[in-house]
Structures are given as C-alpha cells and as structure tokens.
Amino acid sequence: MTPVLAVEGLNKRFGAVVAADNLNITIPAGQKVSLIGSNGAGKTTFVNLVTGYLKPDSGKIELEGRAIGKQSPRDVARLGISRSFQIPQLFIELTAAENVIVAISGTKASPLSFTSPAEAQNRREQALVLLDRLGLRATADRPVSELAGGVRKLVDIAMAMARRPHLLLLDEPTSGVSAEEKFSTMDRVIQAVTQDAGTIVFVEHDMDIVTRYADRVLAFYSGRILSDGHPDTVLKDADVRRYVTGGAR
Amino acid sequence: MKILSHPAAMLGIVLGFVLLGRVLPAWTLSLATVAASNSLIALGIVVLARTGNVSFGQGLFYAAGGYGVALIANSWGLTDAVAQVMIGAVCGGLLGLVIGPLISRYTGIFFGMLTLALSMVLYGALVKTTALGGSDGFNVGRPTLFGNVFTDPREADFMLYSVSVIATGLAGVAATVYFRSELGLMSLAVRANNLRVEYLGISANRIVAINFVIAAVFAGASGALSLMAQRHIDPQFAYWTTSGEFVFVAILAGYQSVAAVFVASLALELVRSFSNLYLPNTWQLVLGAFLLAVILFLPLGIGSLWTSTKRKGSEPDAPAPGATVTEPAE
C-alpha cells in the first residue's frame, strides 16, 4: 500500500546550518506521528518542506506516490496536506466562524463567487460543525483578536481541517495551553481530527502528550532522525534522553 | 441601518437621490456630479484596499476611460451618456486585465509605487502624443441620452447628475453585494494574512488581481463621467495629483463601508467648495486641516462610525470555552 507521505534523501541547509540531513521517512495512512526534538533540531523545517514553504536542496517528497517537493504551499494544500501553526495564523479582523468559512470556501472546486454571500447557510453550518467539534461553537461570532491564545490555536486547527486533508500537520497544538487544559484540548483535537484526516503528524515538546497520543515518534537532532519508533521505545533511547528529552521520562 | 444596506433599499435610495436633483439648486448639481464621479473611482480604491493594497495610480484607468470615450465620441459620433459610461468602464477594465495579473505579485509600497509609475508613464506618453492634443488635450461634444439632446443648461446638468448618481449608485450596490460575497470575505483574508490564504489552497494573487480589475472598471467609468462633465480631456487625468485626490477620498471613507465612500467624497467636495469660496487664499489649509481631523479622530475612516458599532454588537454573552488557557509565547 502506498504510504501517505514518503520522504527520501531529503536535505536542506541554511548556510552552515544543516536543517535536514538525508531524511528518510515513510508514514503509512492512519498513523499519529509525533515529531520531537530540541529547538533548531529541524522539526519545523521538515513541516515547512513537506508543505511547500521551503524547497529541498535535494531529495524527494511524495504524497500518496505523487512528487510534491517542488510544489507551492497552495498546490500542496490542494493535493491534501493541511497544517496548523505554532503561532496561529488567523485573519485577525474576522470572527472565528468567518475564519473557518474562508477555509471552507477554499475547498471548492468551482471559482469563488462574486455574489454568493460568504455566510450562506450551508457554509456557515459547515463552519459551525467544525468549530463545534473543537468545542468552539460559542466563540463563532467573536473576532479572533478577542480570543485567548489557546482558543486561537484551535481555530487555526479547525481551518486546517476544513479541507478534510489526507495528511494533517499540527505544529505544537498544545503550546500556550494551560497544564490543566492540555489533555482535554488534545482530546478534542485528536477526536475532531481523526474523523476526517486519518494521518496526523504533530510537533510536540510535551512528552506526556507524546506518550498518550502518538503511535510513533520521530526524534530529531541536528536535522537528522535520532530515533524512530513506538513512543515507549524512542523515549527510553539513550541518545534521545541525552539530546532531546534531557531525561524527562 | 441593516435594512438600508439591502440592495433593493439601496436602489431606492439611488432613485431618491436622482429625484432630489429636481429640487436641488443648480450649483449643487455640478458639485454632486463631481462628488459622485469621484466616489466611483474612490470606491474602486476601497475595493482594492480590502486586499491590503493601495493604488496611487488610479489616474491610469481614469485617463484610459476618459481618452477611450473621447476618441470614440469624436471618431464615431457616439454621444450617448450611458454608452459612454459603459465604454469607459470597458476601457479601464481591459487595461486592468492586462496589468492586474502582473502587479498582483507585489504588495505594500511596491504595489503602490508601481501603480504610480505606470500612471506617470501614461501621462508622459499622452503629453508627447500630439495626435491626442499633447498637454492641451482636446474637446468632446455635449453628451446625449437615448437620442435626446439637452440644450437647456439646467436639464443638461440634471441629466449628467442623474447618470452619475445612477452609475455610482449601481456600482455601490454591486460593491455591497461583492463585499458580502465569498470573494469579498476572501479579500479581507488576503489583507490580514496572504500566506495563510495560500496555505488554504487559495491564490492570494488571483484575489488581488480580481479586485484590481474591479477598481480599474470603476476608474474607467469615472473617467467617462468626468469627461462628460468637463467636455474636455487632457493628460492631467493621469497625473499623480489626480490619483492622490482619489486616495484621499478612500482614506477618508475607510475600507469597511460603501456608503462611507459617497459621504467622504461629498464631504470633501463641500469642504473644498466652501473653503475656496470663503477663504480663497487659504482653502488648501482648511482642506488639509479637515483631512487631518478625520485621520486623527477617525483613523479607520468615516465608515468606522457605524461599522465598528455593528461589530461590537455581535459579541455573545456566554464566555468562550477554553478562555482560561494561557497566551502562547509569541
């Protein structure tokens, strides 16, 4: 069976800094993969390479067997990869519902309409369903500029989900969320996301979240994969404890 | 207020303004005609500003519309006012279709400067083209309407006023529908975060190009209206100060409301006319003070007087779930 994402010999340098060093990763459909690593390890670079924001110096990136390494973020999104951001990237003057409506409008195969109201009943309903899945229905009509950081993060994820992606990349979905709320927030995210996108890759620093939600962990260090496998195995790896978790578990 | 922004109600208001022209003093008709014409091009700038880009060179399309209509009128004898407005719109729109896709790759000051440069290229070309009258330009005949010739100055002024108000009013209704549409909302999204728009699988450049062409159509039609009012055209139509004046109207109006564009244009014309009348040597000072006052007290434009109130009124009473979460380290 063709994997959702296949990366082969992927390299990316920024001057003397090696951000991706001959990465070889295969992610089958349905996995929940967590990317861990200290700052500068290459996790976000990997996400940026996969989503088309950065172009690899060499190597192949394939989505369901189709090469996407040279595609723009727009084309990558259309092919089925969506992402959320470490710092939520929202349309700050719009309401939460309007943000999601923009994302839903982008999924249409036909050209955008000059006359059809943006908040047409069906689009608004779809947006409310998405927000509801993340427990945000009550915030739908509030401008996102008034929302707390963690809520903005969920709106960002709701937007990424609008396209029903084949692969969803979440960049630190619980950063900024309080310790008491991080599990309930992640429960909501995983529950909401698995309904549409079977395959999830999430960047995470919190090892409790990683062990609880990931099927597989990729530990990054200096642009390389230090360890790859089940969370229990990877988090016990001596190199991972030394360079990544600092013996957190 | 909401019912007034319904397209049918807006058409009624436009009709009301046309009928009002019957009782307005003669001098106000020409002032209102100029205000309506200016608000049409400023409306285009507002449409474009909703994507976060400001054109400092709308004179390019204004002149394209004006010269296109003037040349057709003098060559083929086409004097019908409605046809002239349409031809102006087509001329502006065609030029916009050529330039829009190229210029939409730029943003911010680069976008603004490129539009300004292009308008000045046209200005330079027009000044040097003796076949088009060079810097003096050339005259056109009096417009007609559906075969009717207006020899009475009052009737001619009223006809022109009506055509201007109807053309601008229809553009206003179209802009209102557009602002509420999918593309209208997407324009605001591009303004806020064009990279995020791309990550959602949507071309931000395409949205900017569409708005650019709409602005060009409005500018071309406005050029035709100005031509009819002046019955003369010259390269000044493409000059940067002409474009700057329309940007002033757009800044006064803000980008949130269509009605604000008309209010701003009329206010600017009134301030200019009265300060010119009573303070002939210092009228620019009064105009400048007026602009400063609006920018200082209404930084989001005249439209923010009613649009910000609407936004605050939409807040729900219930607290948002997850409101206890902490802010991310941004």
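What you see is a predicted model, and the numbers here were worked out from it, not measured in a lab.

Asks: Before we go on, may I ask you to explain the overall build of chain B in this structure?
Replies: Each helix and strand counted, chain B has 12 helices and two strands in total. Listing each helix as α and each strand as β along chain B from the N terminus yields α-α-α-α-α-β-α-α-α-β-α-α-α-α. In terms of overall dimensions, chain B has C-alpha extents of about 70 × 45 × 40 Å along its principal axes. Burial statistics for chain B: of 330 residues in total, 53% are counted as buried. Across chain B, the fraction of contacts at a sequence separation of at least 24, relative to all contacts at a separation of at least 6, is 80%.

Asks: Just checking my understanding: could you explain the pairing of strand β8 (residues 199-203) of chain A for this structure?
Replies: Taken residue by residue, a regular strand's side chains alternate between the two faces of the sheet. Residue and element names in this part refer to chain A. The buried fraction of β8 is high, at five of five residues. In β8, alternate side chains face the same way, and those of Thr199, Val201 and Val203 on one face and Ile200 and Phe202 on the other are all buried. For strand β3 (residues 32-36) and β8, the ladder comprises four bridges, and the chain directions are parallel. Counterpart to Lys32 in the pairing with β8 is Ile200. With five bridges connecting them, strand β7 (residues 167-171) and β8 associate as parallel partners.

Asks: Could you clarify how one ought to interpret the interface of chain A and chain B in this entry?
Replies: Interface size, as often reported, equals the accessible area lost upon joining of the parts. Contact with chain A, which involves 55 residues of that partner, is made by 40 residues of chain B. Taken together, the links from chain A to chain B amount to four salt bridges. Its salt-bridge partner being A:Arg123, residue B:Glu182 comes within 2.8 Å of it at the nearest N-O pair. Counting across the interface, chain A meets chain B through 10 residue pairs in polar contact (both at pLDDT 80 or more). For the side of chain A that touches chain B, the secondary-structure elements that each account for two or more residues are α2 (73-79), α3 (96-105) and α5 (149-161) of chain A. Among the elements that make up the side of chain A that touches chain B, the one with the highest residue count is α5(A) (six residues). Residues of the side of chain A that touches chain B, tallied by class, amount to 26 nonpolar, 16 polar and 13 charged.

Asks: Help me understand the pattern of salt bridges in this model?
Replies: Opposite charge on two side chains permits pairing when their charged atoms draw close. All names here are of chain A. Counting across every chain of the model gives 16 salt bridges over all chains. A salt bridge links Glu62 to Lys60; its shortest N-O distance comes to 3.9 Å. Close ionic contact of Glu146 with Arg142 constitutes a salt bridge, the shortest N to O distance being 3.9 Å. Residue class for Glu146 comes out partly exposed when judged on its relative accessible area of 34%. A residue is classified by how much of its surface remains accessible, and Arg142, at 18% relative accessible area, is buried. Through salt bridges with shared partners, one network takes in Lys182, Asp206 and Asp208.

Asks: Teacher, can you tell me more about the confidence of the model for chain B here?
Replies: Detail in the predicted coordinates should be disregarded across regions flagged by low pLDDT. Summary statistics for chain B give a mean pLDDT of 86 and a share of 92% for residues scoring 70 or more. Counted against residues more than four places away or in other chains, residues 312-330 of chain B, with its pLDDT under 50, gives 39 contacts.

Asks: Quick question: what am I supposed to make of the packing of aromatic side chains here?
Replies: This model, assessed by the stated rule, comprises 13 aromatic pairs over all chains. For the pair A:Tyr53 and B:Tyr199, a centre-to-centre distance of 6.4 Å together with 35° between the ring planes defines the contact as tilted. Remark: B:Tyr199 occurs in helix α7 (residues 182-199) and A:Tyr53 occurs in the loop between α1 (43-50) and β4 (58-63); the pair is interchain, linking two chains. With 6.1 Å between their ring centres and 85° between their planes, B:Trp27 and B:Phe274 make a pair best called edge-to-face. Of this pair, B:Trp27 sits in helix α2 (residues 26-49) while B:Phe274 is found in helix α10 (residues 258-278), placing the two residues 247 residues apart along the sequence. Ring pairing ties together the aromatic residues A:Tyr53, A:Phe85 and B:Tyr199, which thus form one cluster. Lying across the ring of B:Tyr199, A:Arg83 places its NZ or CZ 5.4 Å from the centre.

Asks: Any chance you could explain the nonpolar core here in plain terms?
Replies: The nonpolar side chains of soluble globular proteins are, as a tendency, buried together. With 137 residues, the main nonpolar core has A:Ile36 and A:Leu134 as its most contacted residues. In terms of residue count, the dominant contributor to this core is helix α8 (residues 204-230) of chain B (15 residues). Setting aside anything within four residues of it in sequence, one finds A:Leu134 in contact with A:Leu154, A:Ile157, A:Ala158, A:Met161, A:Arg188, A:Val189 and A:Ala192. Core analysis: the second largest hydrophobic core is formed by 27 residues, A:Ile25, A:Val50, A:Ile81 and A:Leu169 among them.

Asks: Honestly, a nonpolar patch on the surface in this entry has me stumped. Any pointers?
Replies: All names here are of chain B. A surface patch of nonpolar side chains, about 770 Å² in accessible area, is lined by Trp27, Leu266, Leu270, Phe274, Leu277, Tyr278, Leu279 and Val286. You can see Leu277 is positioned in helix α10. Taking relative accessible area as the criterion, Leu277 reaches 56% and is therefore assigned exposed.

Asks: I tried to follow helix α9 (residues 240-253) of chain B on my own but got confused; where do I start?
Replies: Owing to its 3.6 residues per turn, the α-helix aligns residues three or four sequence positions apart on the same side. Residue and element names in this part refer to chain B. Between its first and last C-alpha, α9 extends 20 Å over 14 residues, near the 20 Å set by a 1.5 Å rise per residue. Restricting attention to buried positions, one finds in α9 the residues Thr242, Ser243, Phe246, Val247, Val249, Ala250, Leu252 and Ala253. In this structure, the buried side of α9 is in contact with α2, α3 (59-76), α10 and α11 (283-297). Phi for Gly254, located one or two positions after α9, is positive at around 80°.

Asks: In this structure, what is going on with the environment of B:Gln236? I would like to understand it.
Replies: Residue and element names in this part refer to chain B. Considering the arrangement of structural elements, one finds Gln236 in the loop between β2 (232-233) and α9. Given a relative accessible area of 38%, Gln236 falls into the partly exposed group. Spatially, the C-alpha atoms of Gln236 and Leu97 are 23 Å apart, while their sequence positions differ by 139 residues. Those residues in contact with Gln236 that lie beyond four places of it in its chain are Tyr123, Thr241 and Thr242.

Asks: I keep staring at the side chain of A:Glu172 and nothing clicks. Help me out?
Replies: Residue and element names in this part refer to chain A. With respect to the helices and strands, the residue Glu172 is situated in the loop between β7 and α6 (182-196). Of the side chains with opposite charge, Lys43 lies nearest to the buried Glu172, which makes no salt bridge, at 5.5 Å. Ignoring anything within four residues of it in the chain, the contact list for Glu172 reads Gln86, Lys153, Val203 and His205.

Asks: How should the sheet that holds strand β9 (residues 216-221) of chain A be read in this particular structure?
Replies: Within a sheet, each strand pairs with its neighbour through backbone hydrogen bonds, oriented either parallel or antiparallel. Residues and elements named next belong to chain A. One open sheet accounts for six strands, arranged β6-β7-β8-β3-β9-β10; its pairing is mixed. The open sheet terminates on both sides in strands that have one partner only, identified here as β6 (81-83) and β10 (224-229). Along the sheet, successive strands turn relative to each other by an average axial angle of 20°, direction set aside. Direction of pairing for β9 relative to β10: antiparallel, over a ladder of five bridges. In the sheet register, Phe220 faces β10, and the bridge partner there is Ile225. Here α5 sits on the sheet and contacts β6 and β7; the angle it forms with β7, its principal contact strand, is near 165°.

Calculation criteria
Residues numbered from 1 in each chain as written. Chains lettered and ligands numbered in written order. Predicted model: local features only at pLDDT ≥ 70, side-chain atom pairs only at ≥ 80, totals over all residues. Heavy atoms only, no water. Helix = DSSP H or I, 4+ residues; strand = E, 2+ residues; numbered from the N terminus. Buried < 20%, exposed > 50% of the residue type's maximum accessible area, 1.4 Å probe, protein only. Contact = heavy atoms within 4.5 Å. Pairing = 2+ DSSP bridges. Salt bridge = Lys/Arg side-chain N within 4 Å of Asp/Glu carboxyl O. Polar contact = N/O pair within 3.5 Å; in protein donor to acceptor, adjacent residues only side chain to side chain. Nonpolar A, V, L, I, M, F, W, Y, C, P; charged D, E, K, R; others polar. pLDDT = per-residue confidence, 0-100. Phe/Tyr/Trp six-rings, centres within 6.5 Å; stacked < 30°, edge-to-face > 60°. Lys NZ or Arg CZ within 6 Å of the ring centre and 35° of its normal. Core = buried A, V, L, I, M, F, W, Y, C linked by side-chain atoms within 4.5 Å. Patch = residues over 30% accessible without salt bridge, like charges linked within 9 Å, V, L, I, M, F, W, Y side chains within 5 Å. Areas by Shrake-Rupley, 256 points an atom, 1.4 Å probe, with all protein chains shown as cover. Expected span 1.5 Å × (residues − 1). Lys, Arg positive; Asp, Glu negative; His and termini not counted. Axes fitted to C-alpha atoms, helices over the stretch in contact; angles between N-to-C directions.

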